[in-house]
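Descriptive structure summary
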Amino acid sequence: MENSTSINIKAASEGNIIDGKRIAQEIKDELKEQTAKLKEQGMKGCLAVIQVGADPASSVYVRNKKRACAYIGIESRAYELEEATTQEQLLELIGQLNNDPQVTGILVQLPVPKHIDEQQIIQAISPAKDVDGFHPQNVGALVSGLPGFVSCTPAGVIQLLKRSGIAIEGKNCVVIGRSNIVGKPMAVLMLRENATVTVAHSKTEHLEEICRRADILIVAVGKPKMINASYIKEGAVVIDVGIHRDAENKLCGDVDYDSVVSHVKAITPVPGGVGPMTIAMLMNNCVEALMR
C-alpha cells in the first residue's frame, strides 16, 4: 500500500473535504483484485474475529469487518463469546487460532470486559497474525523501521494524505493524542514520511499556540469538538480521528468542524473521514498476512 499512486486532491475531495469513504473503497477494490490473484495461486486468507460480550458499538464494528472481508474475498470466522467468558477461556481460544494454519489473521474486538487484562490478550496473539498491529513486537518493528503490521487507523491517515495529493515531507505535523493505538504510531509514521513531528495531548501547556504552527494537524484527543478555529493555522490540513455523539445524538469528532472548515486547506469529516479507512487498512493487513 505504501507505493500507491497519489491522486489529485480534487479527485479525492469535494472542495476541501477529504472523502474517506471514497478512498477506502478505492483501497478495497485494489485489495479485491489482489486477493483474486492470490486465490488463483491457491492462497486463501481467513480472519478470525473474537468479540466478548454484546457491546452495541463493538457489534457494529465486527459486522463491518465481516462485510469488508466478504467484499475483498477473504473468509471470516466470528467467535461471539458471552460477557462472562474468563480470561483463561479467551486465551485458550487465541492459542487454538494461533496454531490453526487456515487462520491468517486474528482480531480481538476491543474493549474487552473489565475482568479481562487487555494487554495480556494483545500479547497472546501471534505477531504474525496480529492484523490490528497492537502486539509489542509489531509496535517495536514500526519504531525500528522493520517490517511488521501497522496499527490500522494511523496507516489509514497516511493513505488519506497521500491519496489526496497532500505533501507530508518537510511539513510541520502536530499529533494531539498519545495512545498506543493512534497517537504514538501516528507520530512514528509521520516521521517515517519525513515530517517534523510534535506530539501533544490534553495536558500540554500552550496547546493552541503549538497547534497553530501545524501544516498538518492530526487530532486524536478523545474530547468532542475540543479543537476550534483558534487552534488552526489558515490553510492547514486537519485530520479528525475522534468519534462521539453530541447532545443531539449526532456523530461528531474531536474537531468543531463547522468553525474550522472555512479556515483549512483540507479536512476529514466525521463520519466519512478516518473511520472507513481503519477497516480498509485492516483488510490491507489481512492480505499482507496472507502473502507472508
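Details of the structure are given in the entry above.
Residues numbered from 1 in each chain as written. Predicted model: local features only at pLDDT ≥ 70, side-chain atom pairs only at ≥ 80, totals over all residues. Heavy atoms only, no water.

1. Describing empty space enclosed by the protein
So the rule is basically this: Lining residues are defined by having an atom within 4 Å of a point belonging to a cavity or pocket. Those points lie on a 1 Å grid over the protein atoms alone, cavities being sets where a 1.4 Å probe fits but cannot get out and pockets being open sets with protein on both sides within 12 Å along at least five of seven lines. Grid points are joined across faces, edges and corners, and a volume is the space filled by probe spheres set on the points. Each helix corresponds to a stretch of at least 4 residues labelled H or I by DSSP, and each strand to a stretch of at least 2 residues labelled E; elements are numbered beginning at the N terminus.
With the rule as written, the count across this model stands at 2 cavities of 30 Å³ or more. Its boundaries defined by the atoms lining it, the largest cavity holds a volume of some 70 Å³. Considering the residues around the largest cavity, the lining is formed by Ile106, Leu107, Val108, Leu110, Ile121, Ile122, Ile125, Asp130, Asp132 and Phe134. Mapped by element, the contributors of at least two residues to the lining of the largest cavity are β5 (105–108) and α5 (118–124).

2. Some remarks on the packing of helix α6 (residues 136–144) against helix α8 (residues 183–192)
What counts, and what does not: In this analysis, axes come from line fits to C-alpha atoms, helices being fitted only over the stretch in contact, and the angle between any two N-to-C directions falls in the range 0 to 180 degrees. Should an angle fall under 35 degrees it is called roughly parallel, over 145 degrees roughly antiparallel, and 65 to 115 degrees roughly perpendicular, with every other angle called oblique. In this scheme, a crossing is called left-handed if the near helix is turned counterclockwise away from the far one by less than a right angle; it is called right-handed if the turn is clockwise. Here, two residues are considered to be in contact whenever any of their heavy atoms come within 4.5 Å of each other. Just so you know the grouping, Ala, Val, Leu, Ile, Met, Phe, Trp, Tyr, Cys and Pro go in nonpolar, Asp, Glu, Lys and Arg go in charged, and all remaining residues, Gly too, go in polar.
Where α6 contacts α8, the two axes come as close as 9 Å, and the packing angle between them is 30 degrees. By the angle class used here, α6 and α8 are roughly parallel. The handedness of the crossing between α6 and α8 comes out as left-handed. The segment α6 lies against α8, with Ala141, Leu142 and Val143 engaging Pro185, Val188, Leu189 and Arg192. When the residues that make up the contact of α6 with α8 are grouped by side-chain class, the tally is 6 nonpolar, no polar and 1 charged.

3. Things to note about the nonpolar core
Basically, it comes down to this: In this description, a nonpolar core means a group of buried Ala, Val, Leu, Ile, Met, Phe, Trp, Tyr and Cys residues linked to one another through side-chain atoms lying within 4.5 Å. Under the scheme applied here, a residue whose accessible area is under 20% of the maximum for its type counts as buried, over 50% as exposed, and between as partly exposed, the area being computed with a 1.4 Å probe on protein chains only.
Ranked by internal contacts, the top residues of the largest apolar core, which has 51 residues, are Leu47, Leu161, Met190, Ile216, Ile218, Ile239 and Met283. Non-local contacts of Met190, meaning those with residues more than four positions away in its chain, are made with Ile158, Leu161, Ile168, Cys173, Ala195, Val197, Ile216 and Ile218.

4. Regarding the layout of surface pockets
Within this model, the largest pocket holds a volume of roughly 1600 Å³. Along the walls of the largest pocket sit 49 residues, with Tyr61, Thr153, Ile243, Gly275 and Thr278 positioned nearest its centre. Counting residues per element, the ones that place at least two in the lining of the largest pocket are α2 (20–40), α3 (56–72), β5, α7 (152–163), β10 (244–245) and α11 (274–291). Of the residues forming the lining of the largest pocket, the biggest block, 9 residues, is contributed by α3. Counted by class, the lining of the largest pocket contains 26 nonpolar, 14 polar and 9 charged residues.

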